[in-house]
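Descriptive structure summary
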Amino acid sequence: MSDKDPKVTRANRPVLALHVPEPHLRPGDAPDFSAIVIPAAGSAPRPRTDAPAADTHSLATNLVRVLGDDHRAVGPWDPKIDPEILRKMLRDMVTVRIFDDRMYRAQRQGKTSFYMKCSGEEAIAIATAAAMDRADMHFPTYRQQGLLIARGYPLTTMMCQIYSNGGDPLKGRQLPIMYSDKAHGFFSISGNLGTQFPQAVGWAMAAAIKGDHRIAMGWIGDGATAEGDFHSAMTFAAVYNVPVILAVVNNQWAISSFSGIAGAERATFAQRAVGYGIASLRVDGNDALAVYAAVQWASERARANAGPTMIEFFTYRAEGHSTSDDPSGYRPVNEGKAWPLGDPLERLKAHLIALGQWDEERHSTLVAHCDAEVRAAQKEAEKLGILPQQGKDNIASMFDDVYADIPWHIAEQRDAALAEAKDR
Amino acid sequence: MATMNMIQALNDAHKVMMRADGDVVVFGEDAGYFGGVFRVTEGLQREFGKTRAFDAPISEGGIVAAAVGMAAYGLKPLIEIQFADYIYPGYDQIVSEVAKMRYRTAGEWPMPMVIRTPYGGGIFGGQTHSQSPESLFTHIAGLKVVVPSTPHDAKGLLIAAIEDPDPVIFFEPKRIYNGPFDGHHDRPVTPWAKHSASEVPDGHYAVPLGKARVVREGEALTVLTYGTMVHVSLAAVEENGVDAEVIDLRTLVPLDLETIVASVEKTGRCLVVHEAPRTSGFGAELVALVQERCFYHLEAPVERVTGWDTPYPHSYEWAYFPGPKRLKKALEKVMGD
């Protein structure tokens, strides 16, 4: 219609153009992070934990950093953690990294179908676990294995889940690494991304309805912030002033899509909290002390009924999305090594050394100890079998837990499946 | 015993259960202060306080997700989705989370909750206030699906649903909230007060899930139906002088197959009636089951009376709705073969 509209002259108008975001670098390019703005450690202000949300909003474009280039803790966010806790965090990070390596290899050896590492992101889950109460509840994504390890969940049980063997508490029903454990405050991981984010809010609403003291933390990746569930979580958290921490782990890659595809060219993820009136912190995710300090701040706020906090953990996914992914197909190789915020494990280690609380020799002993522990756990787990051997015994269990009681139609199908198994 | 319409009976079920169990919490769009657009949750906030009966943002995905978190905590959410037509933003949470949680956590995190939602047409609601999406939920393992057709059953089934350890999608046929509907849209509505099923016992009672009700005994034909169509079907068999056995399924999952098979074996003929569109409707499952289990007792092909495979058309409501004419024709066909 408008084509024929004599009032419309297009002579001076540009042709409309669709912008499809594109990362600056692709395979073949040399890694270059010079465009990333990194404020000095200690420079970000620390508002009171009961401050109005608006007082935190300048932090949504800042970056809370505690560890300086000299590996010393500096500034108002320094959580002044007991060295014993720092050593526990280091130990957990070493364990997670070795665990990831062993399980990645196990997948390559055909012992399981799938694995996901959290390389370069270890500090986020582990410092969070250290900063929160053991009874607080997590609704994690698949890259927070550190929460389980920090809370002392048995490594063997994690591996049994990965192998779907007889020791798997989830009875072989879930994809490897989709752990679930109530006793460790670790909610069942979903492969449908983002669903857990508003669920965390619901759990914390229940805690508030019941006058509990426990709080909840929801986790999501940068990519899944594009889901409607992200918006639901933020809305409910804001409306009911829910005692919840909402964490966006911005590792900048959603499989092969860089964070620009989730909107990061326009605003930081932390800035999304501004429009909801939720307190907002943007934190160096590779700085274990900054992670600890931010989570401690948000926990205090939540526990005092002062409201929810969104925390963006800014980090970099140092390796592939999963064992099914090869990042050399979409981004420069060795970017992880060039990441300017460094390796979280090495940074915490250097800090402990700078404090005079650690040395190379003790570190080598720790690594050897953790390595032995992981290997021993793996040996134990493999005694109960690896994935290719599974799925043949106890087929009837496949029909349990669909409902509390087995209805007639599922009972009939169970009997048919058992008969079919005998036929082979 | 009191005489109630379906709304009052459902409201009473809420009150009985909220008094008995402090873990039952109610929320939904307009469900708090105002008591819901159909007034089912009226008075709950007044009696139980704002943290047990409250208004939710217009976010069905958020409502269901919050209920998941609450159920994980140990509460029993009893939530309202204002119209079944609005349930789709919550569908991922229902299908991927609510339905599968007990299974994927090996029983550690069951999801006891009730998702109530008014459904069905006959109210000039157009395509976004008239749908019957029950088959989208009967197809999902882990969910139970319930549809009451009288005030007595509405209260008893809702109480059973709240007490059930599994998640229940509770479809309320909104056309018959205030009175049974015989399908003759041009006749005045009969209020529930004139119907025996409006006698609702006081206090607690449960109508067990998974049990159908034989509404009318008969020898010539079995009619399998639920919701509003129970009343439309009853009127049709009377008007056409067919000695039909009319079965109100009440629960679609798990289905009371025993009652169905016993009846079809007796009558040798079967008609399946629902409001929802035909293709892949729950009727297809019923026809398949009857064919599998009763083939040698059947004297005629099983027929279906359903809505058409179109979106719900506003001004063509009575050309769309499976009313007396469609039923008459189907009855003649099944009885004539």
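Quick caveat, the model's predicted, so the values are computed rather than measured.

1. Notes on the layout of surface pockets
Residue and element names in this part refer to chain A.
- Within this model, the largest pocket holds a volume of roughly 770 Å³.
- Taken together, 30 residues line the largest pocket, and the ones lying closest to its centre are His24, Ile36, Gln252, Ser259 and Phe314.
- Its residues placed into classes, the lining of the largest pocket shows 15 nonpolar, 9 polar and 6 charged.

2. Describing the interface of chain A and chain B
- Tallying the contact residues gives 43 residues for chain A and 47 residues for chain B.
- For the pairing of chain A and chain B, the buried interface totals around 3,600 Å² over both sides, and the portion due to carbon and sulfur atoms is 63%.
- There are 2 salt bridges connecting chain A and chain B.
- Our count for the chain A to chain B interface comes out at 23 residue pairs in polar contact (both at pLDDT 80 or more).
- Mapped onto the side of chain A that touches chain B, the elements with two or more residues apiece are helix 5 (196-209), helix 6 (228-239) and helix 12 (408-423) of chain A.
- Counting residues per element, the side of chain A that touches chain B draws most heavily on helix 5 of chain A, which supplies 8 residues.
- Broken down by class, the residue content of the side of chain A that touches chain B amounts to 21 nonpolar, 11 polar and 11 charged.

3. Topic: the pattern of salt bridges
- Counted by the stated rule, this structure contains 50 salt bridges over all chains.
- We note a salt bridge from glutamate 265 of chain A to arginine 266 of chain A, for which the minimum N-O separation is 3.8 Å.
- Note that glutamate 292 of chain B and arginine 293 of chain B form a salt bridge whose closest N and O atoms lie 4.0 Å from each other.
- The partly exposed category is assigned to arginine 293 of chain B, whose relative accessible area is 30%.
- Among the charged side chains, a network of salt bridges with common partners joins Arg65, Asp284, Asp287 and Arg347 of chain A.

4. A few points about the domain arrangement of chain B
All names here are of chain B.
- Here chain B is described as being made up of domain 1 (2-200) and domain 2 (213-336).
- Of note, the centres of domain 1 and domain 2, computed from C-alpha atoms alone, are 25 Å apart.
- With 36 residues of domain 1 at the contact, the number on the domain 2 side is 29 residues.
- Taking both sides of the interface into account, the surface hidden between domain 1 and domain 2 amounts to around 2,600 Å²; carbon and sulfur atoms contribute 60%.
- Inspection of the region where domain 1 meets domain 2 yields 2 salt bridges.
- Put simply, aspartate 153 and arginine 250 hold a salt bridge, and the shortest N to O gap is 3.1 Å.
- Looking at the side of domain 1 that touches domain 2, the elements with two or more residues in it are helix 6 (135-138), strand 6 (144-146) and helix 7 (151-163).
- It is strand 6 that contributes the most residues to the side of domain 1 that touches domain 2, 3 residues altogether.
- When grouped by side-chain class, the residues that make up the side of domain 1 that touches domain 2 number 14 nonpolar, 16 polar and 6 charged.

5. What about the packing of helix 1 (residues 6-20) of chain B against helix 7 of chain B?
All names here are of chain B.
- Viewed as axis vectors pointing N to C, helix 1 and helix 7 meet at an angle of 30 degrees, and their least axial separation amounts to 8 Å. By the criterion of interaxial angle, the relationship of helix 1 to helix 7 is roughly parallel. You can see that helix 1 and helix 7 cross each other, and the crossing is right-handed. In contact with Met6, Ala9, Leu10, Asp12, Ala13, His14, Val16 and Met17 of helix 1, helix 7 contributes Pro151, Ala154, Lys155, Leu158, Ile159, Ile162 and Glu163.

6. Notes on the sheet that holds strand 4 (residues 76-80) of chain B
Residue and element names in this part refer to chain B.
- Within the open sheet, the 7 strands sit side by side as 3-2-4-5-7-6-12. Their pairing is mixed. Strands at the two margins of the open sheet, each flanked by one partner only, are strand 3 (53-55) and strand 12 (251-253). For this sheet, the mean inter-axis angle between neighbouring strands, taken without regard to orientation, is 20 degrees.
- Direction of pairing for strand 6 relative to strand 7 (residues 168-173): parallel, over a ladder of 3 bridges. Considered in strand 7, the bridge of valine 146 is made with phenylalanine 170.

7. Some details on helix 1 (residues 83-108) of chain A
Residues and elements named next belong to chain A.
- In this model, helix 1 (26 residues) spans 37 Å end to end at C-alpha, consistent with the 38 Å of a helix rising 1.5 Å per residue.
- Taking the backbone nitrogen of glutamate 84 as reference, a side-chain oxygen 2.7 Å away marks aspartate 82 as the first, capping residue of helix 1.
- Following helix 1 by one or two positions, glycine 110 has its phi on the positive side, about 80 degrees.

8. Section: the environment of cysteine 370 of chain A
All names here are of chain A.
- Among the secondary structure elements, cysteine 370 is positioned in helix 11 (residues 360-383).
- Overall, cysteine 370 belongs to the buried group, its relative accessible area being 0%.
- C-alpha separation for the pair cysteine 370 and aspartate 92, spaced 278 residues apart in sequence, amounts to 8.9 Å.
- Here cysteine 370 is in contact with Arg91, Val94, Thr95 and Ile98, once residues within four sequence places are set aside.

9. Things to note about the side chain of arginine 301 of chain A
Residue and element names in this part refer to chain A.
- Along the polypeptide, arginine 301 turns up in helix 8 (residues 288-303).
- Buried and unpaired, arginine 301 has no salt bridge, with aspartate 50 as the nearest side chain of opposite charge at 6.4 Å.
- Non-local contacts of arginine 301, meaning those with residues more than four positions away in its chain, are made with Thr49, Asp50, Ala51, Pro52, Ala53, Ala279, Ala306, Gly307, Pro308 and Thr309.

10. Section: the environment of glycine 146 of chain A
All names here are of chain A.
- Along the chain, glycine 146 falls in helix 3 (residues 145-150).
- Looking at glycine 146, the relative accessible area reads 2%, which means it is buried.
- Separated by 19 residues in the primary sequence, glycine 146 and alanine 127 place their C-alpha atoms 9.0 Å from one another.
- Glycine 146 has contacts with Val96, Ala125 and Ile126, leaving out every residue within four places of it along the chain.

Cut-offs applied
- Residues numbered from 1 in each chain as written.
- Chains lettered and ligands numbered in written order.
- Predicted model: local features only at pLDDT ≥ 70, side-chain atom pairs only at ≥ 80, totals over all residues.
- Heavy atoms only, no water.
- 1 Å grid on protein atoms, 1.4 Å probe; cavity = no way out; pocket = protein on both sides within 12 Å on 5 of 7 lines; lining within 4 Å.
- Points joined across faces, edges and corners; volume = space filled by probe spheres on them.
- Nonpolar A, V, L, I, M, F, W, Y, C, P; charged D, E, K, R; others polar.
- Contact = heavy atoms within 4.5 Å.
- Buried area = accessible area lost by both parts, 1.4 Å probe.
- Salt bridge = Lys/Arg side-chain N within 4 Å of Asp/Glu carboxyl O.
- Polar contact = N/O pair within 3.5 Å; in protein donor to acceptor, adjacent residues only side chain to side chain.
- Helix = DSSP H or I, 4+ residues; strand = E, 2+ residues; numbered from the N terminus.
- Buried < 20%, exposed > 50% of the residue type's maximum accessible area, 1.4 Å probe, protein only.
- Domains from an automatic or database assignment.
- Axes fitted to C-alpha atoms, helices over the stretch in contact; angles between N-to-C directions.
- Parallel < 35°, antiparallel > 145°, perpendicular 65-115°, else oblique.
- Left-handed = near helix turned anticlockwise from the far one by under 90°.
- Pairing = 2+ DSSP bridges.
- Expected span 1.5 Å × (residues − 1).
- Lys, Arg positive; Asp, Glu negative; His and termini not counted.

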